[in-house]
Structure formats: structure tokens, C-alpha cells
Amino acid sequence: MISQARLEQIKEFEDKIGYTFNDKSLIDVAFTHSSYTNEAKIKAKSNERLEFLGDSVLDLVVSEVLFKNYNNKPEGWLTKTRSRLVCTDSFAKASEKYDLTSYLNFGKGEKQHGGQLKKHVKADTFEAVCAAIYLDAGFAYLYKFLVENYMEDAKEIIDDDTIFNDYKTKLQEYHNAHDKKILRYTLVKQEGPEHDKLFTMQVKVGNKVLATGIGKNKKKAEQDAAKNAYERIKND
């Protein structure tokens, strides 16, 4: 049962985005951080499953938008550009447009540690909210919502290579030009509670470790490792 106070919060968000949810529980869950469900004495769902779905749906939306709007661009450009749009930095920026994390239910610990301001929390919330819209209104509505609200932001990212960087691609391109060796990413360790894990990854050329990176999932840890390796190369 959603409380009246929570329904008022949801109504405020609906007014912001111009959409009324048929199933209020979807957006309620989208705005529920795993730290809250771990501390709550009542049974509640966190937004992690919605985040998983949102990541895939957003990947499809971005792919379709690029395919339709950049019909002269080759597959390599489309793939590289999609990776710059479907990433933590991009989604965190998108989340800030409607201040999504201000609606999150946090556990006390996460709230005290500034969970609302964390980039990965902002990005995860955006993915979860998009999944909630997708489930409630369908793909066509989500597609329209994203194009109307974020197309200009996406174009800015596409046109300016300096806004976000895919360091894995940059690092591999450097090695392709110099020694033709394929980079490998290996998991060193994972630690922390289930709802707040940290992964440590290494990037290697052969048996040589180039750098180590840390992230909330393996993909983010790989990007961090690639960034550290790339910056070290540039500074040598």
C-alpha cells in the first residue's frame, strides 16, 4: 500500500514529466533504492530489476535513434557513439534534468553518505524510471518521451567528443596503432554488500598489467581501468 505522502510525491513527479502512471507501484519501485529495502521492516522491492530492464530498453532506443537519424554513418561510428550515450555519465546527466534522485527512498546510511548526489545512483535511477515508463505506457511512448526531452542533449554529446570518453575504445585504438595487441580485462576482486558491491578490474597486454580500476559493476570498473591506463600512457 502506497502512503498518501508518497502518492503526493509521485504526483509531483508526474506533473513534472507530463505523464500519469496507471500503475503507481511501478514508479514507486523505480524510486526505491536497495539500501531502503535492506533496512525496511516491511517487504519492499528495490529498483534494481527495473534498472536492469531500463538499461536494455535505453540501449534499443538509442540504437534506433542513431540508425534513423544518422543513415550515412558506418556501423563502427554508430557503435562508438551509442557507447557514449548509453553510459553512466550520460544517464546521470539525464537524471539531473528532473532531479530524479530527490524522489528516491534511501536507507539512512546511504542517505547520510550522500547517495542522492552519487553519479552511479543518478544513472541507475534514470534507467529504472525509463523502465517504469516503458512497462506502464509502452515502447512507443518511452521513445517519444526520450526524443522530445533528451534529443538536444544527445546531439550535444554526439557533436562534442570531449563531453564523455569511452576509454576502453581509446585505449584499444592506441594499442591497435602501436603494437596490434588485444587488451584483456580480468576481475581482481569484488567486495561489499550485495546492494552496494565494488568491483576491481585489471587491464592487461599479455601478462603485463597496465592499470587497475574500480566500479559499481564490471563494465564501470573496466572503463576506470582503461581510463587510468590511457592517462598513464599519455603522461609518459
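Residues numbered from 1 in each chain as written. Predicted model: local features only at pLDDT ≥ 70, side-chain atom pairs only at ≥ 80, totals over all residues. Heavy atoms only, no water.

Trainee: Looking at this structure, how should I read helix α5 (residues 75-85)?
Mentor: In an α-helix there are 3.6 residues to a turn, and that puts residues three or four apart on one side. For α5, every residue scored as buried is listed here: Leu78, Thr81, Arg84 and Leu85. Each buried residue of α5 lies within a common arc of 125° when the element is viewed along its axis, so the set occupies one face. Considering only its buried residues, α5 is in contact with α4 (48-69), α6 (88-97) and α9 (139-159). (Buried < 20%, exposed > 50% of the residue type's maximum accessible area, 1.4 Å probe, protein only. Helix = DSSP H or I, 4+ residues; strand = E, 2+ residues; numbered from the N terminus. Arc of directions from axis to C-beta. Contact = heavy atoms within 4.5 Å.)

Trainee: Please explain the pairing of strand β3 (residues 208-215) as it appears in this structure.
Mentor: Each regular strand carries side chains that alternate between the two faces of the sheet. By the bridge criterion, seven bridges tie strand β2 (residues 198-205) to β3 in an arrangement that is antiparallel. Looking at β3, one finds that Met201 is bridged to Gly213. Hairpin connection from β2 to β3: two residues lie between these consecutive antiparallel strands, with Gly206 at a positive phi of about 65°. (Pairing = 2+ DSSP bridges.)

Trainee: Honestly, the UniProt feature "binding site: Mg(2+)" (unreviewed entry) in the protein in this entry has me stumped. Any pointers?
Mentor: Here, UniProt's "binding site: Mg(2+)" (unreviewed entry) annotation points to Glu51, Asp124 and Glu127. Of the residues just listed, which span 77 residues, no C-alpha pair is farther apart than 5.8 Å, and they cluster in one region. Its place among the elements puts Glu51 in helix α4. In contact with Glu51, other than residues within four places in its own chain, are Asp124, Glu127 and Ala128. Look at Asp124 and you get buried, because its relative accessible area is 14%. Contacts of Asp124, omitting those with residues within four sequence positions, involve Glu51 and Lys220. (UniProt positions renumbered as here; feature names shortened; annotations may be inferred.)

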